[in-house]
Amino acid sequence: METPAVGMTEIPGRGRAMVALRPIKGGEIILRDSPILLYSALPFHSDNHLNNNNNPYCSNCFTTISQPPQTVSCSTCASQFCTLPCQSAASTTSHTPWVCQTLIRLRDYFSGNRVPLDVQIQTRFVVSAYNLAIVSQSKFQTLLSLQGSVDSANSVASQSDVVSESDASFINSVICSVCPPLPVQFGFSLELTKVLLAKDKLNAFGLMEPFSELNADRSVRAYGIYPVASFFNHDCLPNACRFDYLDAAKTLSLNNNTEMVIRMIHDVPQGREVCLSYFPVNWKYSERQKRLREDYGFVCDCDRCKVEAGWSESDGDELAMDDDEGNDEGNEEGTMDEDDDERMEGEDGDVMKGDDDFPHAYFFLNYMCDRTNCWGTLAPLPPSVGTTSGVMECNVCGGFKKLDQV
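Given the structure is predicted, the values throughout are model-derived calculations rather than measurements.

Rules of the game
Residues numbered from 1 in each chain as written. Predicted model: local features only at pLDDT ≥ 70, side-chain atom pairs only at ≥ 80, totals over all residues. Heavy atoms only, no water. Helix = DSSP H or I, 4+ residues; strand = E, 2+ residues; numbered from the N terminus. Buried < 20%, exposed > 50% of the residue type's maximum accessible area, 1.4 Å probe, protein only. Contact = heavy atoms within 4.5 Å. Areas by Shrake-Rupley, 256 points an atom, 1.4 Å probe, with all protein chains shown as cover. Phe/Tyr/Trp six-rings, centres within 6.5 Å; stacked < 30°, edge-to-face > 60°. Pairing = 2+ DSSP bridges. Axes fitted to C-alpha atoms, helices over the stretch in contact; angles between N-to-C directions. Salt bridge = Lys/Arg side-chain N within 4 Å of Asp/Glu carboxyl O. Core = buried A, V, L, I, M, F, W, Y, C linked by side-chain atoms within 4.5 Å. Parallel < 35°, antiparallel > 145°, perpendicular 65-115°, else oblique. Left-handed = near helix turned anticlockwise from the far one by under 90°. Nonpolar A, V, L, I, M, F, W, Y, C, P; charged D, E, K, R; others polar. Expected span 1.5 Å × (residues − 1).

Sorry, what's going on with the overall build of the protein here?
A tally of regular secondary structure across the protein gives 12 helices and 15 strands. Evaluated residue by residue, the protein yields a buried proportion of 49% over its 406 residues. Sequence-distant contacts in the protein: of pairs separated by 6 or more residues, those separated by 24 or more amount to 64%. Of the accessible surface of the protein, which amounts to about 19,400 Å², a share of 49% is contributed by carbon and sulfur atoms.

Is there a simple way to think about the packing of aromatic side chains in this case?
When we look at a pair of aromatic rings, we describe it by the centre distance and by the angle of the planes. The final tally for this structure, using the stated rule, is 12 aromatic pairs. A ring pair is formed by Phe-44 and Phe-110, whose centres lie 4.8 Å apart and whose planes are at 5°; its orientation type is stacked. Taken as a pair, Phe-44 in the loop between strand S4 (37–40) and strand S5 (72–73) and Phe-110 in helix H2 (residues 97–111) lie far apart in primary sequence, 66 residues in all. No difference in accessibility class separates Phe-44 from Phe-110, as the two residues are buried.

Any chance you could explain the sheet that holds strand S7 (residues 204–208) here in plain terms?
Read from one edge to the other, the open sheet built from three strands follows the order S4-S8-S7, with strand pairing classed as antiparallel. The open sheet is flanked by S4 and S7, the only strands paired with a single partner. Put simply, the sheet's adjacent strands are angled 30° from each other on average, direction ignored. Note that S4 and strand S8 (residues 220–225) share four bridges and pair antiparallel. Among the inter-strand pairings, Ser-40 is bridged to a residue of S8, identified as Ala-222.

Please clarify how the pattern of salt bridges should be interpreted in this entry.
Applying the stated criterion across every chain, the model contains 15 salt bridges. Close ionic contact of Glu-165 with Lys-194 constitutes a salt bridge, the shortest N to O distance being 2.5 Å. Residue Glu-165 is located in helix H6 (residues 165–177), and its partner Lys-194 is located in helix H7 (residues 190–203); the two are separated by 29 residues in the primary sequence. Here Glu-165 falls in the partly exposed class, since its relative accessible area comes to 41%. Close ionic contact of Glu-393 with Arg-263 constitutes a salt bridge, the shortest N to O distance being 2.8 Å. In this pair, Glu-393 is assigned in strand S14 (residues 391–394) and Arg-263 in strand S11 (residues 260–264), connecting sequence segments 130 residues apart. Accessibility assignment for this pair places Glu-393 and Arg-263 in one class, buried. The network of salt bridges with shared partners includes Glu-165, Glu-191 and Lys-194.

Would you take a moment to explain the nonpolar core for this structure?
Side chains that are nonpolar tend, in soluble globular proteins, to be buried together. Core analysis: the biggest nonpolar cluster contains 63 residues, and Ile-30, Phe-125, Tyr-130, Leu-143 and Phe-232 have the highest contact counts within it. For this core, the leading source of residues is helix H3 (residues 117–135), giving nine residues. Not counting chain neighbours up to four residues away, the residues in contact with Tyr-130 comprise Trp-98, Asn-172, Ile-175, Leu-182, Phe-186, Phe-188, Ser-189, Leu-192, Thr-193 and Leu-196. Counting residues in hydrophobic clusters, the runner-up holds 21 residues, among them Tyr-367, Leu-378, Met-392 and Cys-397.

In this structure, what is going on with the environment of Pro-227? I would like to understand it.
Counting through the fold element by element, Pro-227 comes out in the loop between S8 and strand S9 (233–234). Residue Pro-227 is classed as buried on the basis of its relative accessible area of 14%. As for Pro-227 and Leu-37, which are separated by 190 residues in sequence, their C-alpha atoms are 9.6 Å apart.

Which parts of the structure should I look at to understand the sheet that holds S14?
Adjacent strands of a sheet form backbone hydrogen bonds with each other and so pair up, either parallel or antiparallel. The strand order S13-S14-S15 describes an open sheet built from three strands, whose pairing is antiparallel. Edge positions in the sheet fall to strand S13 (378–380) and strand S15 (400–402), since each of these pairs with one other strand and no more. Here the average twist between neighbouring strands, direction ignored, is 35°. Bridging between S14 and S15 involves three bridges; their strand directions are antiparallel. Opposite Val-391, over in S15, you have Lys-402 as the bridge partner.

I tried to follow the packing of H6 against H7 on my own but got confused; where do I start?
How two helices sit against one another is set out by the angle between their axes and by the gap between those axes. Relative orientation of the contacting elements H6 and H7 amounts to 120°, with a least axis distance of 9 Å. The orientation of H6 relative to H7 falls into the category oblique. Taken as a pair, H6 and H7 cross one another with a handedness that is right-handed. Together, Glu-165, Ala-168, Ser-169, Ile-171 and Asn-172 of H6 and Leu-190, Thr-193, Lys-194 and Leu-197 of H7 make up the contact between the two elements. Class assignment of the residues belonging to the contact of H6 with H7 gives a composition of four nonpolar, three polar and two charged.

Is there a simple way to think about H2 in this case?
One turn of an α-helix holds 3.6 residues; hence residues three or four places apart share an orientation. With 15 residues, H2 should reach 21 Å at 1.5 Å per residue; the first-to-last C-alpha distance of 21 Å fits that figure. The inward-facing, buried residues of H2 contact H3 and H6.

I keep staring at unusual backbone geometry and nothing clicks. Help me out?
Backbone phi values are negative for most residues with the exception of glycine, while trans is the configuration of most peptide bonds. The phi torsion at Phe-62 lies on the positive side, around 60°, for a residue other than glycine. Counting through the fold element by element, Phe-62 comes out in the loop between S4 and S5. Since its relative accessible area comes to 2%, Phe-62 is described here as buried. One non-glycine residue, Trp-375, lies in positive phi territory at about 60°. With respect to the helices and strands, Trp-375 occurs in the loop between helix H12 (361–367) and S13.

Structural data, given as structure tokens:
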């Protein structure tokens, strides 16, 4: 039996992490993971789930419904679904009778009360989490086993407000007073609500709206808890990236459009930690550190951050300007010559840090998409047996490039 590509281990100072169990080729798919729960990122008054093109999202799989007249609506709460089979599947999983009645009451409640969007989204998560306890105790226990606890959340909250005590109390009271009684007893309490919110903060993945060159700011359509993918740590120069195909599943003949695919960006040797970037790789140092500190409770000291920590804000602005010019003109004259490529890439294909002032130039030039307003990460298509693909795919816009064009 073939050795799995990655496995979970404990790394001092980094906690749980995913490491390569064998040499891995660029483009290799190392994980396919399905969510144990999904929940909308929209306020309750927008439960038609309209995207930027005024097309609705399915309330179960969150695919874009391009032909709204063909949608299937819940006769009780009017939630929309892409197909009758999708609605049928949701009736025993994500859209149980309890969730259906809860949505009706929460829409009424939030329509008459001005509550911040982030609190409404957290309420959606807690409702989905308690519903998970109703439909699948095993998946609920998996959720509770993920990183994030009340103690760790509170210790971080004093610095970065990872989990707000007042928000947790408010959400818990709303569910107690507004929502119908839970059909099963499993220890519903304020403490459990706090624990669940800590799990959400540290483990949720945002599922984005479709890419558009005309819109630089893509909104999140939904969030998902992916139990295995959540073990990947962050690096500002990742060696793997995630692909999701919410709207392309039918075109690609995928059975599960909510499945997350983790693919290697370049070769790595056995024993190397495999990391993702938790946000677009073009973000400046200050933006990255702020996001990691506030949302995940840590300060990044990766190789890239160690270099950029000494930069001024204008240095970051100049870098962004250079990248923008490359996008606008569509030129490739800024790419490194062959000698630079050889210096920056090791024998095992792993990216090396060849310039003390700017060790990540190689990554930007070779693995960042230059399409307008994209900033996605390029990874080779999955290699066939014994060979490596010569085509790179962007994980944001879905565009393709041959290696000699990168």
